[in-house]
Amino acid sequence: MNIESYSIDLLNQIEKEIGYIRNGNLSNENIGDIKKAINRWFKTKINDERPRIGYVAEFICHLYLRSKNFEQYFLFKNLEENGPKKGFDGLYLFDNELWLLESKSTSSNLKTHNKKISEAYNNIKLKIESVDNEENNPWENAKNHIDNRNIHENKTLSKIIADLSSDYINQINHKIDEYNIIPCSTIFLGDNWKTIDNDDLKHKLESLCKKYKAKKLNLICINKKSIDDFIKFIDG
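The following refers to the structure shown. These numbers come from a predicted model, not from an experiment.

Thresholds applied
Residues numbered from 1 in each chain as written. Predicted model: local features only at pLDDT ≥ 70, side-chain atom pairs only at ≥ 80, totals over all residues. Heavy atoms only, no water. Helix = DSSP H or I, 4+ residues; strand = E, 2+ residues; numbered from the N terminus. Buried < 20%, exposed > 50% of the residue type's maximum accessible area, 1.4 Å probe, protein only. Contact = heavy atoms within 4.5 Å. Axes fitted to C-alpha atoms, helices over the stretch in contact; angles between N-to-C directions. Parallel < 35°, antiparallel > 145°, perpendicular 65-115°, else oblique. Nonpolar A, V, L, I, M, F, W, Y, C, P; charged D, E, K, R; others polar.

As for the side chain of His-62
Next, step 1: Along the chain, His-62 falls in helix H3 (residues 49-67).
Next, step 2: You can call His-62 buried: its relative accessible area is 0%.
Next, step 3: Those residues in contact with His-62 that sit more than four places away from it in its chain are Ile-21, Phe-74, Phe-76, Asp-89, Gly-90, Tyr-92 and Leu-101.

Printed below as a string of structure tokens:
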């Protein structure tokens with residue numbers, strides 16, 4: 001995807017979806033309050049670009065997947081804080097199959113989508129295959145989100161995630177090739193704006209993906225100019 005600026009259609013889609021992405025499909029919070037809450041968090045990070053671009057990059061990925069009928073089973077916020085969630089960046093169902101998402105972003109025009117996709121893949125692989133970090137069980141975090149009252153109940157999925165959390169606690173290993181995954185890359189180009197050369201990127205990613213193991217693999221790559229349009233939206 002190439003997003004130089006926000007079209008009217010994109011702004012309307014954000015207005016329609018941002019509450020559900022952040023607070024769940026069953027939420028009914030006022031859109032003005034949602035914007036204010038996000039804006040307040042952005043202002044706490046005014047001197048730190050990294051979390052701000054990471055938030056916008058990940059949000060656009062969620063917006064896109066929802067438009068493709070991926071069912072969201074998480075809240076796009078940390079349940080203990082006002083900022084983005086921890087654990088897996090996204091947990092979805094599509095055709096009753098579980099998909100896990102990891103988003104990586106950068107404002108360096110020296111970085112490539114291949115590099116950021118590799119970072120996303122390796123990060124999600126580490127979360128799936130590592131069982132020795134007692135303080136960060138990603139499946140327990142996912143379970144807490146699925147059990148939230150603003151998420152549509154899915155007893156089958158809840159049981160799967162609960163079992164995976166138990167496996168993590170009991171150090172029962174799983175491998176990334178058991179899972180459907182979506183590594184995402186977003187590059188904020190600013191004054192160095194250019195659109196993606198789709199043929200060139202496809203060729204490079206096909207070569208890269210030969211090294212990857214996954215049950216199924218989807219990739220999202222986005223060239224974005226800046227976070228300015230998003231800031232204007234939550235300021236409005």
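Section: the packing of helix H2 (residues 31-44) against helix H8 (residues 228-235)
Next, step 1: Two elements in contact, H2 and H8, have axes separated by 8 Å at closest approach and are oriented at 130 degrees. When the interaxial angle is binned, H2 and H8 end up oblique. Between H2, through Lys-35, Ile-38, Asn-39 and Phe-42, and H8, the contact on the second element is made entirely by Phe-230, Ile-231, Phe-233, Ile-234 and Asp-235.
Next, step 2: Within the contact of H2 with H8, the residues separate by chemical class into six nonpolar, one polar and two charged.

Quick word on the environment of Asn-69
Next, step 1: Tracing the sequence through the fold places Asn-69 in the loop between H3 and strand E2 (71-72).
Next, step 2: According to the relative accessible area criterion, Asn-69 is exposed, its value standing at 60%.
Next, step 3: Measuring from C-alpha to C-alpha, the distance between Asn-69 and Tyr-92 comes to 9.8 Å, with 23 residues separating the pair along the chain.
Next, step 4: Once residues within four sequence positions are removed from consideration, Asn-69 is found in contact with Leu-93 and Phe-94.

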